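Structure assessment
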Amino acid sequence: MSDTDGKKTLGLRSGSQPGHVKQSFSHGRTKSVVVETKRKRVVVPKPGEGKGGSGSGRVTGDPSRRPAGISDAELERRIQALQIAKAREAEDAARRKAEEEARAKERERRRAELEAKEREEREHQEALKAKAEEEARRAREAEEAARKSAAAADPTNAAAAQPLAEDGRGGSKPGSGSRRADREAEERRNADNKGSKGAREASGRRSGKLTLSQALNGEGGRQRSMAQMKRKQERQRQKMMGKQDREKQVREVQLPETIVVQELANRMAERVGAVVKSLMNMGMMVTQNEAIDADTAELIIEEFGHKTVRVSDADVEQVIDTVEDKPEDMEPRPPVITIMGHVDHGKTSLLDAIRNTSVVSGEAGGITQHIGAYQVTTDSGSVLTFLDTPGHAAFTSMRARGAQVTDIVVLVVAADDSVMPQTVEAINHAKAANVPMIVAINKCDKPGANPDKVRTSLLQHEIVVEKLSGDVQDVEVSAITGKGLDQLLEAIALQAEILELKANPNRAAEGAVIEAQLDVGRGPVATVLVQKGTLHQGDIFVVGEQWGKVRAMENDRGERVKEAGPSVPVEVLGLNGTPEAGDVLNVVETEAQAREIASYREQAAKDKRAAAGAATTLEQLMAKAKADKSVSELPIVVKADVQGSAEAIVQSMEKIGNDEVRVRVLHYGVGAITESDIGLAEASGAPVIGFNVRANASARNAANQKGVEIRYYSVIYDLVDDVKAAASGLLSNEIRENFIGYAEIREVFKVTGVGKVAGCLITEGVARRSAGVRLLRDNVVIHEGTLKTLKRFKDEVAEVPSGQECGMAFENYEDIRAGDVIELFTREEVVRELN
Ligand code: GDP
């Protein structure tokens, strides 16, 4: 075989490449040299030539070219190895080439695919566009037709439609002009589109493919496009009417009698902005934090396409957690104790003595704060909470407001005085409230003390003390010497144990207001006795008609605390107004809820007062009094600086009157006179009495507008005398006060020889040297007196007009601060007239 191969190759070589024959080589083997040259070409994978190569193997064995020392066998082996390597190389190259080709093919295929896809997409788009245009044209035609028929039916309409026609070519084709205009517009649009998509359109048409959209665009799609068109028109009409066109969930909106806008939006799951906007469209300018009435809210709810579910007013209070606590959650809590008894039997002394025993030596110098309640720890480790307001007035007023705070009553009876009228009253109150009692027989240190007399006297009132084999504990004490105090505390602790007082500390807090006042500088503060749960700093709460967020809390030792559990009294800061003693505090989840409840309660209280007042406005009363000369009433609204004076005023007011005339206090409260007070007074034709407080600016304006009289007093007797005189119709001439100006203190200087001088700006009216002055801090009167000096640039002057600066100093008064306001007034005698 190698022979035939060899011959064939030789023949070929000699014929094809004679120039490569090297004749100088040894005879007979010359041609094989040529074959060797050829052998290189064997690399090309051609089987015939490869074989030729193998034939040339022998030729290479030319001993003249062979390196020295290599045998024939070795040479053969090497040649073979070389050939194998070359063949492998050739194979690799072939494979790479094949792979390359395959990849190129794949790329080509993908490109083709993408192009096809793009083309399809374009076709689809074009089809859609064409469809939309077709629809638009159809709609226009339909409209035209409708208009035409309407015009034909109603000649007045036809006349109206006629001007639309461009050329007015007779009433039979009233819409032709506009239709042509439409077509022209469409053509223009088409022409515009063509520039960019003409080529694509053409290719689309050429492709001849039937896409889904094209198929839908056919005859079957026509019916659908009409319906779509109608829907579109409907949507547009709704949009024009301001309606929302998106599909929405219809909600049932719980609607109380008033609702804060934000809460309304929440309940409808709509944006607050949208709700405020639609309220504005209705002519109501409200913010998201304001409350609106149910009727308005219902309109809004309907407008947004929801359903209204009217709920009773009181339902807003339902967010307050009223769930009964489970027995396993309950934990023991300290008892709350009130001390009651006859005046001067030593209630205050006893409270102080108990408090002092609890103050450990280290704290002796510490500040003890009277916040209305305090806690003591007995020697045996029991914690007791004492209410710091002795007497049954506080006890009953709290109960009247629904706050049953007291767990145990300590009845103080002086051993030298025995049972007195108020002792009996106290016993009755405790019994009515179903609160257990402990008798503290006080003043046992006194020589004339007779504790047994006290015990026996109590028997008359069904109080059988332990010493007389009864079940009421009795302890002999002395507030002065401190005797028996420990026994008293232990007796209380024992009683508390019997009562098994428990509360769940892990829930939203509930508590009762023990005391509340408007503090200069700190704003409204309230002492709250937590009854259930734990009150935390930052909690949002509603308390009576007020709400707030716990900004800070202080305990009875004046220390800042972050939380207060059951039976712990704390002073709470962060209220929006001053609540009243006995108001219940409830923690709620959101500010909106707190606001809503507070505004509901305020409204309810207002309605109640208005309902009571409406029947007896002054005019009506006067008319009635004139008609039948029977009982007449004088309604008043009272605002005072502290709860105590407000209550004192109310009490003295209620005492005024005889068979013909009575004073009725519509409302009383603590703090500056506000717009709502003016509103109430106006509704009932009542004057507003400010006791050591002033009206704020908006209230002053409202009073001026509505003609409501505001009277300021600093002495209760003056007020009582005035009201008495007014009520009994004895309107005599009186000394009346006229307001002449306000000055704001900008800076306070110390001048030697004069004392503190206030650098002021006259903000209203004038300042007069001779005028009476009052110093106001946060609209509360702090001082009343006369001026020592009134200076303008070092000169003493008689008067300083509004807008100018001056220096003022008070006679015998130094506590002035920047930011205070000086009120200036004169007194004059006027003929008295009540409203
Ligand atoms: P309240 O009106 O019940 O609060 O009685 P007070 O605490 O104001 O006390 C009236 C008067 O009784 C005061 O002068 C006290 O000093 C005095 N007093 C109170 N407790 C005792 C006591 O245990 N012994 C004596 N000797 N005097 C007392």
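Data block above holds the structure.
Let me begin by describing the structure that accompanies this report. Sequence order as written defines the numbering, with residues in each chain counted from 1. The model is predicted, so local features are restricted to residues of pLDDT at least 70 and side-chain atom pairs to those at 80 or more, both for listing and for counting; the totals for chains, interfaces and linings are taken over all residues. To get the side-chain values, take all heavy atoms of the structure and skip hydrogens and water.

Turning to the nonpolar core, a few remarks are in order. With 26 residues, the main nonpolar core has Leu350, Ile354, Phe386, Leu488 and Ile492 as its most contacted residues. A per-element tally of this core places helix H16 (residues 485-499) first, with 7 residues. The contact criterion used is simple: two residues touch if any of their non-hydrogen atoms lie within 4.5 Å. Apart from residues no more than four positions distant in its own chain, Leu350 is found in contact with Ile339, Val412, Ala440, Asn442, Val477, Ala479, Leu485 and Leu488. Among buried residues, those of type Ala, Val, Leu, Ile, Met, Phe, Trp, Tyr and Cys that are joined through side-chain atoms within 4.5 Å constitute a nonpolar core. Think of it in three bands: with a 1.4 Å probe and only protein chains considered, a residue is buried below 20% of the maximum accessible area for its type, exposed above 50%, and partly exposed in between. In DSSP terms, a helix is any run of H or I states spanning at least four residues, a strand is any run of E spanning at least two, and both are numbered starting from the N terminus.

One speaks of a salt bridge when a side-chain nitrogen belonging to Lys or Arg is within 4 Å of a carboxyl oxygen belonging to Asp or Glu. Summed over the entire model, instances satisfying the criterion amount to 39 salt bridges. With a closest N to O distance of 3.9 Å, Arg522 and Glu554 form a salt bridge. On the criterion of sequence distance, the pair formed by Arg522 in the loop between strand S13 (510-519) and strand S14 (523-532) and Glu554 in strand S17 (residues 546-554) is long-range, its members being 32 residues apart. Two residues, Asp556 and Arg557, come together in a salt bridge whose shortest N-O distance is 3.9 Å. Classification of Asp556 by relative accessible area gives buried; the value is 5%. Residue class for Arg557 comes out partly exposed when judged on its relative accessible area of 34%. Residues joined in a network through salt bridges with shared partners are Asp452, Arg455, Lys467, Asp474, Glu476 and Lys483.

With that out of the way, let us pick up the environment of Gln517. With respect to the helices and strands, the residue Gln517 is situated in strand S13. Not counting the four nearest positions on each side in its chain, Gln517 is found in contact with Gly523, Pro524, Val525 and Thr578.

So, about the packing of aromatic side chains. Whether two aromatic rings pair depends on their centres lying within 6.5 Å, for rings of Phe, Tyr and Trp, where Trp uses its six-membered ring; planes under 30 degrees apart make the pair stacked, over 60 edge-to-face, and the rest tilted. The final tally for this structure, using the stated rule, is 3 aromatic pairs. One cation-aromatic arrangement involves Arg694 over Tyr712; the distance from NZ or CZ to the ring centre is 4.0 Å. Only Lys NZ and Arg CZ are tested; either one counts as a charge over a ring when it is within 6 Å of the ring centre and within 35 degrees of the ring normal. In this structure, Arg774 packs its charged tip against the face of Phe825, placed 4.1 Å from the ring centre.

Cysteine sulfurs are considered disulfide-paired once they come within 2.5 Å of each other. Scanning the model with the defined rule gives 0 disulfides in all. With no disulfide of its own, Cys806 has Cys760 as its nearest cysteine by sulfur position, at a separation of 5.0 Å.

What follows covers the site of the ligand. Distances are taken per atom, and a residue is near a molecule or strand as soon as one of its heavy atoms is within 4 Å of it. Of all residues adjacent to the ligand, which total 15 residues, the nearest are Lys347, Thr348, Ser349, Asp445 and Ala479. One nitrogen or oxygen atom from the main chain of His345 is found 3.4 Å from an oxygen atom belonging to the ligand. Within the side chain of Asn442, an N or O atom sits 3.0 Å from an oxygen atom of the ligand. Note on areas: Shrake-Rupley with a 1.4 Å probe; residue coverage comes only from the protein chains shown. Look at the ligand: alone it shows 580 Å² of surface, and the protein chains cover 73% of it. In terms of residue count, the dominant contributor to the shell around the ligand is helix H12 (residues 347-358) (3 residues). Polar contacts, as used here, are pairs of N or O atoms within 3.5 Å; protein pairs need one atom able to donate a hydrogen and one able to accept it. Residues neighboring in sequence count only if both atoms are side-chain atoms.

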